Amino acid sequence: MTFTEEEKAYFMGQALLEAQKAADHEEVPIGAVIVKDGEIIARSYNARELHQKATHHAEICAIDLANDVVGNWRLIDCALFVTIEPCVMCSGAISLARLPQVYFGATNPKFGGAVSLYQILEDPRLNHRLHVESGILEAECAQMMQKFFKNRRKK
């Protein structure tokens, strides 16, 4: 799948809408969408506090939904758009789901598993590597996180 810059911005904008839903639930505002054949087939946001589940990161929830839509654990014809760099857990899940493309907004210097701390998604020692692209609506994605944590510190 190839995406134009406009399509990348559109899909990341949709992920940002999901991130806002997380913020509305006082969750860390990360949102994700999964695209197949140019259409969003799954969308989700961080829901750890809402569901009291440690693994309910936006990426994992979106992968679970997409698996149901396609009827397969392999998401080989799909692309993931997520507002913040996937963590180590999510990077592992992305790789296991066989997603071939990941696009994210801002890096995650404290927990990033795609480029910041580790490069799990492109590690040549693993049998599945994929295309990773960062910086899609980077300023908007980073600003949402900064605003969330600034407000949290005030409380």
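A quick note: this is a predicted structure, and the numbers were derived from the prediction, not measured.

Rules used in this analysis
Residues numbered from 1 in each chain as written. Predicted model: local features only at pLDDT ≥ 70, side-chain atom pairs only at ≥ 80, totals over all residues. Heavy atoms only, no water. Helix = DSSP H or I, 4+ residues; strand = E, 2+ residues; numbered from the N terminus. Rg over C-alpha atoms; globule rule 2.2 N^0.38 Å. Pairing = 2+ DSSP bridges. Axes fitted to C-alpha atoms, helices over the stretch in contact; angles between N-to-C directions. 1 Å grid on protein atoms, 1.4 Å probe; cavity = no way out; pocket = protein on both sides within 12 Å on 5 of 7 lines; lining within 4 Å. Points joined across faces, edges and corners; volume = space filled by probe spheres on them. Nonpolar A, V, L, I, M, F, W, Y, C, P; charged D, E, K, R; others polar. Disulfide = S-S within 2.5 Å. Buried < 20%, exposed > 50% of the residue type's maximum accessible area, 1.4 Å probe, protein only. Patch = residues over 30% accessible without salt bridge, like charges linked within 9 Å, V, L, I, M, F, W, Y side chains within 5 Å. Areas by Shrake-Rupley, 256 points an atom, 1.4 Å probe, with all protein chains shown as cover. Salt bridge = Lys/Arg side-chain N within 4 Å of Asp/Glu carboxyl O. Lys, Arg positive; Asp, Glu negative; His and termini not counted. Charge placed at Lys NZ, Arg CZ, Asp CG, Glu CD. UniProt positions renumbered as here; feature names shortened; annotations may be inferred.

## Some words on the overall build of the protein chain
Part 1: Per the secondary structure count, the protein chain includes five helices and five strands.
Part 2: Element order for the protein chain, N to C, with α for helix and β for strand: α-β-β-α-α-β-α-β-β-α.
Part 3: In terms of overall size, the protein chain behaves like a compact globule, its C-alpha atoms giving a radius of gyration of 14 Å where 155 residues would be expected to give roughly 15 Å.
Part 4: Its C-alpha atoms put the protein chain at 45 × 35 × 30 Å along the principal axes.

## Topic: the sheet that holds strand S3 (residues 78-84)
Each strand in a sheet pairs with its neighbour through backbone hydrogen bonds, running either in the same direction (parallel) or in the opposite one (antiparallel).
Part 1: Strand order in the open sheet formed by five strands is S2-S1-S3-S4-S5, with mixed pairing between adjacent strands. Both outer strands of the open sheet, strand S2 (39-45) and strand S5 (131-134), are each paired with one neighbouring strand and no more. Taking each pair of neighbouring strands and ignoring which way they run, the sheet shows an average axis angle of 15°.
Part 2: Pairing of strand S4 (residues 101-106) with S5 involves four bridges; the strand directions are parallel. Within S5, the residue paired with Gln101 across the bridge is His131.

## Examining the layout of surface pockets
Part 1: Within this model, the largest pocket holds a volume of roughly 490 Å³.
Part 2: Forming the boundary of the largest pocket are 19 residues, of which Val28, Ile30, Asn108, Phe111 and Met145 lie nearest the centre.
Part 3: At the level of elements, helix H4 (88-96) and helix H5 (138-154) are the ones that each hand at least two residues to the lining of the largest pocket.
Part 4: Across the lining of the largest pocket, the residue classes break down as eleven nonpolar, four polar and four charged.
Part 5: Taken as a whole, the second largest pocket holds about 290 Å³ of empty space.
Part 6: Those elements giving two or more residues to the lining of the second largest pocket turn out to be helix H1 (5-24) and H5.
Part 7: Examining the composition of the lining of the second largest pocket, we find that seven residues originate from one element, H5, more than from any other.
Part 8: A class-by-class count of the residues in the lining of the second largest pocket yields three nonpolar, three polar and five charged.

## Some thoughts on the state of the cysteines
Part 1: Inspection of the entire model under this criterion finds zero disulfides.
Part 2: Free cysteine: Cys87, not disulfide-bonded; nearest cysteine sulfur from Cys90 at 3.7 Å.
Part 3: A residue is classified by how much of its surface remains accessible, and Cys87, at 12% relative accessible area, is buried.
Part 4: Looking at the unpaired Cys141, the closest cysteine sulfur is the one in Cys90, lying at 15 Å.
Part 5: Since its relative accessible area comes to 1%, Cys141 is described here as buried.

## Some details on a nonpolar patch on the surface
Part 1: There is a patch of nonpolar side chains on the surface, built from Val88, Leu117 and Tyr118 and spanning about 270 Å² of accessible area.
Part 2: Turning to its location among the elements, Leu117 is positioned in the loop between S4 and S5.
Part 3: Given a relative accessible area of 41%, Leu117 falls into the partly exposed group.

## Regarding a positive patch on the surface
Part 1: On the surface, Lys110, Lys150, Arg153 and Lys154 cluster together into a patch of positive charge.
Part 2: Relative to the assigned elements, Lys154 resides in helix H5.

## Concerning the UniProt feature "domain: CMP/dCMP-type deaminase" (unreviewed entry) in the protein chain
Part 1: The feature "domain: CMP/dCMP-type deaminase" (unreviewed entry), as given by UniProt, occupies residues 6-133 in the numbering adopted here.
Part 2: What you have in residues 6-133 is 35% helix and 23% strand, and the ends, taken at the C-alpha atoms, are 15 Å apart.

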